[in-house]
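Residue-level listing of the chains:
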Amino acid sequence: MTIYMKPTLTDDMIAAMDLLEAFRLAEELLDSRFPREAGRVLVPVLEAEPGNAAAWELYGRAQFAAALLKPAEDAFRRLVELEPTSAWAQTALGLTLDRQSRHREGAVHHRMAAAMGASDRDATRVELVDRPSD
């Protein structure tokens, strides 16, 4: 389902949702390009299920899409803690750090993702950081 108009979600409406309903709505909101609303809807899910990697991933994606980079970084760091062998999580954290102009920190996570065989793009990002300046 695609949501075309900006949703009006009150705190009471969000609190009344069960966790699965909130998670699914957050997916729809993010797919419909309402990342801030998706993040709001996910907060109760994260509070109730702090070990839920899928919720942290979705929350991180929503925060990144909303250009809320510190919350995105925190979410992806938590995701890396929960899923240390996830190349996608390493790449997402690296990209979030890159977007904050913290390329050397991001390169660490791109190296991890490249070592896990994620994507040639991760190796390219590391090369750009390691390239000697003229």
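Described below are features of the structure shown in this document. (Residues numbered from 1 in each chain as written. Predicted model: local features only at pLDDT ≥ 70, side-chain atom pairs only at ≥ 80, totals over all residues. Heavy atoms only, no water.)

## Re the packing of aromatic side chains
- For the structure shown, the criterion picks out two aromatic pairs.
- Between W56 and Y59 the ring centres are 6.2 Å apart and the planes differ by 90°, which places this aromatic pair in the edge-to-face class. On the criterion of helical spacing, the pair formed by W56 and Y59 is a turn pair, its members being three residues apart in helix 4 (residues 53–65).
- In this structure W56 comes out as buried when scored by relative accessible area, which is 15%.
- On the basis of relative accessibility, which here comes to 15%, the residue Y59 falls in the buried class.
- With a centroid separation of 5.8 Å and 75° between ring planes, the pair formed by F76 and W88 is classed as edge-to-face. Of this pair, F76 sits in helix 5 (residues 69–82) while W88 sits in helix 6 (residues 87–99), and the two are twelve residues apart along the sequence.
- Using a relative accessible area of 2% as the deciding quantity, one classes F76 as buried.
- The exposure class assigned to W88 is partly exposed, which follows from its relative accessible area of 40%. (Phe/Tyr/Trp six-rings, centres within 6.5 Å; stacked < 30°, edge-to-face > 60°. Helix = DSSP H or I, 4+ residues; strand = E, 2+ residues; numbered from the N terminus. Buried < 20%, exposed > 50% of the residue type's maximum accessible area, 1.4 Å probe, protein only.)

## Some thoughts on helix 3 (residues 35–48)
- Taking 1.5 Å per residue, 14 residues should reach 20 Å; helix 3 reaches 20 Å between its end C-alpha atoms and fits that length.
- Those residues of helix 3 lying buried are P35, E37, A38, G39, V41, L42, V45 and L46.
- If you follow the buried residues of helix 3, they end up packed against helix 1 (11–16), helix 2 (19–31) and helix 4. (Expected span 1.5 Å × (residues − 1). Contact = heavy atoms within 4.5 Å.)

## A word on the packing of helix 2 against helix 4
- Axis separation between helix 2 and helix 4 bottoms out at 11 Å; the angle between their running directions is 30°. It follows from the interaxial angle that helix 2 and helix 4 lie roughly parallel. Regarding helix 2 and helix 4, the two cross each other, and that crossing is left-handed. Packed against helix 2, whose contacting residues are F23, A26, E27, L30 and D31, the element helix 4 presents A54, A55, L58, R61, A62 and A65 at the interface. (Axes fitted to C-alpha atoms, helices over the stretch in contact; angles between N-to-C directions. Parallel < 35°, antiparallel > 145°, perpendicular 65-115°, else oblique. Left-handed = near helix turned anticlockwise from the far one by under 90°.)

## Some words on the nonpolar core
- Residues L9, L29, V41 and L42 are the most contacted members of the largest nonpolar core, which totals 21 residues.
- Among the elements of the structure, helix 2, helix 3 and helix 4 are those that each provide at least two residues to this core.
- Considering every element that reaches this core, the biggest residue donor is helix 2, with six residues.
- Core analysis: the second largest hydrophobic core is formed by nine residues, A53, V80, A89 and L93 among them. (Core = buried A, V, L, I, M, F, W, Y, C linked by side-chain atoms within 4.5 Å.)

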